[in-house]
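This is what each chain is made of:
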Amino acid sequence: MHAIPLTPILLGASSLGSRDGADELADALIHSPLGGVDTSNAYAGGRSEARLGEAIRRAGGLPAGTLVYSKADADESGRFDGDRVRRSLDESLTRLGVDRLPLYHLHDPYTITHDEAMGRGGAVEALIRARDDGVIGAIGIASGTMAQVHGYVQTGAFDAVLSHNRYTLVDRSAHATFALARELGMTVINAAPFGGGTLANGSGNYGYREMPADFAAHLQRVRALADEHGVDLAAAALHFSLTSPLVDATVVGITSTARLAALDGLVTADVPAEFFAAVDALGAPPPSGTD
Ligand SMILES: NC(=O)c1ccc[n+]([C@@H]2O[C@H](COP(=O)([O-])OP(=O)(O)OC[C@H]3O[C@@H](n4cnc5c(N)ncnc54)[C@H](OP(=O)(O)O)[C@@H]3O)[C@@H](O)[C@H]2O)c1
């Protein structure tokens, strides 16, 4: 496995470029001492990488100690072969204005089969070539369905796995995949510790989808426990991931400079072990509706 320089928290830039205040937020993200920045070729139609690149140029280059990670995406037609991965990487490097990335993932490979991705001329061969050439330091599999992610982890070809929404205070469906990745010596990156928002901002969706009724009822019981214990649910959700022995880094979605400013308070908040024990005592959470 190839080592990946990593901070315990990564700042998720998936919405960067799709809301107001993008320049200010991009500047804040690349200068934040809280952690590296997670983006992708396709986030906000390429504007996330572009805004980060403009911020890096304004700073006169990537600030010392700042790490930016990105991901290869299919093109608009769904093509996701080796040629597309090479073009995706060229686009990412050009937008960001860097000549190397510490980690580049295969991102959401929904338009190709496992065999196409892993086969000759496929996306993974191109990622390995780029790693051999030193243009990227390591390669990751950043989602697809949980079953797809598990299959990619089993190949042993990847240095890192990233899953989202499925390893949280209320969803453990990534547990077996993360445990396998651990056994294989891979780096484990857990994205979306708030389930896409609901555990922090109270949104009615989980994992970008409507919640099944029994899952919503379970979440309500967890909210009630947080109230009983005087615990901030967002802090608890973050600490669940930060303290898990299965997780190397947690990617938190940052939508504004205000959300970034609030993150430090969540990190330093006190979340007593009794709260986590009370959540565990509720039993295994019902399926959240994520696949
Ligand atoms: N396939 C993949 O590779 C993949 C998939 C998903 C995510 N990711 C990565 O993981 C990152 C995180 O995912 P995510 O943003 O979907 O989910 P998340 O981290 O679980 O939730 C982030 C949302 O929570 C809200 N929030 C953040 N800080 C808050 C605070 N202090 N108080 C209240 N609300 C707060 C924000 O929404 P509002 O500000 O709108 O309220 C934000 O959009 C993404 O940005 C991306 O980098 C990768």
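Above this note sits the structure.
What counts as what
Residues numbered from 1 in each chain as written. Predicted model: local features only at pLDDT ≥ 70, side-chain atom pairs only at ≥ 80, totals over all residues. Heavy atoms only, no water. 1 Å grid on protein atoms, 1.4 Å probe; cavity = no way out; pocket = protein on both sides within 12 Å on 5 of 7 lines; lining within 4 Å. Points joined across faces, edges and corners; volume = space filled by probe spheres on them. Nonpolar A, V, L, I, M, F, W, Y, C, P; charged D, E, K, R; others polar. Core = buried A, V, L, I, M, F, W, Y, C linked by side-chain atoms within 4.5 Å. Buried < 20%, exposed > 50% of the residue type's maximum accessible area, 1.4 Å probe, protein only. Helix = DSSP H or I, 4+ residues; strand = E, 2+ residues; numbered from the N terminus. Axes fitted to C-alpha atoms, helices over the stretch in contact; angles between N-to-C directions. Parallel < 35°, antiparallel > 145°, perpendicular 65-115°, else oblique. Left-handed = near helix turned anticlockwise from the far one by under 90°. Contact = heavy atoms within 4.5 Å. Near = heavy atom within 4 Å. Polar contact = N/O pair within 3.5 Å; in protein donor to acceptor, adjacent residues only side chain to side chain. Areas by Shrake-Rupley, 256 points an atom, 1.4 Å probe, with all protein chains shown as cover. Sits in = over half its atoms within 2 Å of the grid points.

Colleague: When you look at empty space enclosed by the protein in this model, what are you seeing that I'm missing?
Modeller: Empty space among the atoms becomes visible once a probe the size of a water molecule is rolled across them. Scanning all chains against the criterion turns up one cavity of 30 Å³ or more. Taken as a whole, the largest cavity holds about 40 Å³ of empty space. If you trace the largest cavity, you find it lined by Ser15, Leu16, Gly17, Arg19, Asp20, Gly21, Ala22, Leu25 and Thr255. Residue composition of the lining of the largest cavity, by class: three nonpolar, four polar and two charged.

Colleague: Looking at this structure, how should I read the nonpolar core?
Modeller: Burial of nonpolar side chains together is a common tendency in soluble globular proteins. Grouped together as the largest cluster of nonpolar side chains are 79 residues, with contacts concentrated most on Leu29, Leu106, Phe158, Val161, Leu169 and Phe275. Examining the composition of this core, we find that seven residues originate from one element, helix α10 (residues 233-242), more than from any other. Counting 12 residues, the second-largest nonpolar core is a separate cluster that includes Ala160, Leu162, Ala191 and Val251.

Colleague: Explanation requested: the packing of helix α9 (residues 213-229) against helix α12 (residues 273-281) in the structure shown.
Modeller: A pair of packed helices is captured by two measures, namely the crossing angle of their axes and the spacing between those axes. Packing of α9 against α12 leaves a shortest axis separation of 10 Å and a crossing angle of 155°. The pairing of α9 with α12 is recorded here as roughly antiparallel in orientation. Crossing angle aside, the handedness with which α9 passes α12 is right-handed. Judged by residue contacts, Val222, Leu225, Ala226 and His229 of α9 engage Glu274, Phe275, Ala278 and Val279 from α12. By residue class, the composition of the contact of α9 with α12 is six nonpolar, one polar and one charged.

Colleague: I tried to follow the site of the ligand on my own but got confused; where do I start?
Modeller: Taken together, 30 residues are adjacent to the ligand, and Ser14, Asp38, Asn201, Tyr208 and Thr255 come closest. Interatomic distance of 3.3 Å between a backbone N/O atom of Gly197 and an oxygen atom of the ligand. Here an oxygen atom of the ligand and a side-chain polar atom of Tyr208 are 2.5 Å apart. For the ligand, whose accessible area on its own is 900 Å², the fraction buried by protein is 89%. According to the grid-proximity analysis, the pocket containing the ligand is the largest pocket. Of all the secondary-structure elements, those providing two or more residues to the shell around the ligand are β6 (160-164), α8 (198-201), β10 (249-253) and α11 (257-268). Residue composition of the shell around the ligand, by class: 14 nonpolar, 11 polar and five charged.

Keep in mind these values describe shape, not function.
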